[in-house]
Amino acid sequence: QVQLVESGGGLVQAGGSLRLTCAASGRTFSSYAVGWFRQAPGKEREFVAAINWSAASTYYADSVKGRFTISRDNAKNTVYLQMNSLKPEDTAVYYCAASQYYSGSYYPKYDYWGQGTQVTVSS
């Protein structure tokens, strides 16, 4: 029903910035909440940020608060994650996920997932 494709990952030095993009299919995608998650090698998937359908509400993990910004452009069926002041511990595969009914940090509540994009931050 919904397909998500992440892009924008890459290799940056600590303190640098990247902007991730989550492109979605579907005419009704604008009604979905979207979350960003990440998974580093040997670690469990962790929540990064979420945004509701109207972009009236956003939520961030403490580890990225003040550095990352989630936003969306419903006309383009696109959600962004602007990542500033990147740290080596931000290195992970980043995934976007969508839910028609849930917006938050609990990943089993999300219904659709992208394939992920690699972010590597060097010291």
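Every value quoted in this text rests on a predicted model; they were computed, and no experiment measured them.

Here we take up the sheet that holds strand S3 (residues 18-24). Strand order in this open sheet of four strands is S1-S3-S8-S7, and the pairing throughout is antiparallel. Two strands bound the open sheet, and with one partner strand each, they are strand S1 (4-7) and strand S7 (68-73). Neighbour-to-neighbour, the strand axes of this sheet turn through a mean angle of 15 degrees, independent of strand direction. Note that S3 and strand S8 (residues 78-83) share six bridges and pair antiparallel. The partner of cysteine 22 across the bridge, within S8, is valine 79.

Moving on to the state of the cysteines. What is meant by a disulfide is a covalent connection between two cysteines, made through their sulfur atoms. Per the stated rule, a full pass over the model turns up one disulfide. Bridging cysteine 22 to cysteine 96, the disulfide has an S-S length of 2.1 Å. Every disulfide takes its handedness from the sign of the S-S torsion; for cysteine 22 and cysteine 96 that torsion is 65 degrees, giving right-handed. Pair noted here: cysteine 22 is in strand S3 and cysteine 96 is in strand S9 (residues 92-99), with a separation of 74 residues, a long-range link. Given a relative accessible area of 0%, cysteine 22 falls into the buried group.

Our next topic: the nonpolar core. With 36 residues, the main nonpolar core has Leu4, Phe29, Trp36, Leu81, Met83 and Tyr94 as its most contacted residues. At the level of secondary structure, the elements contributing two or more residues to this core comprise S3, strand S4 (33-39), strand S5 (46-51), S7, S8, S9 and strand S11 (117-122).

Each aromatic ring pair is characterised by the separation of its centres together with the angle its planes make. Tallied over the full model, the rule gives eight aromatic pairs. Both rings, one in phenylalanine 37 and one in phenylalanine 47, keep their centres 5.7 Å apart while their planes meet at 70 degrees; by these two values the pair is edge-to-face. With phenylalanine 37 in strand S4 and phenylalanine 47 in strand S5, the pair connects residues that are 10 residues apart, well separated along the chain. We note that phenylalanine 37, like phenylalanine 47, is buried. An aromatic cluster is built from Phe37, Phe47, Tyr59, Tyr102, Tyr107, Tyr110 and Trp113, whose rings are joined through pairwise contacts. In this structure, arginine 19 is placed above the aromatic ring of tyrosine 80, and the distance from its NZ or CZ to the ring centre is 3.9 Å.

The rules behind the values
Residues numbered from 1 in each chain as written. Predicted model: local features only at pLDDT ≥ 70, side-chain atom pairs only at ≥ 80, totals over all residues. Heavy atoms only, no water. Pairing = 2+ DSSP bridges. Helix = DSSP H or I, 4+ residues; strand = E, 2+ residues; numbered from the N terminus. Axes fitted to C-alpha atoms, helices over the stretch in contact; angles between N-to-C directions. Disulfide = S-S within 2.5 Å. Buried < 20%, exposed > 50% of the residue type's maximum accessible area, 1.4 Å probe, protein only. Core = buried A, V, L, I, M, F, W, Y, C linked by side-chain atoms within 4.5 Å. Phe/Tyr/Trp six-rings, centres within 6.5 Å; stacked < 30°, edge-to-face > 60°. Lys NZ or Arg CZ within 6 Å of the ring centre and 35° of its normal.

By themselves, these observations are geometric and do not establish any function.
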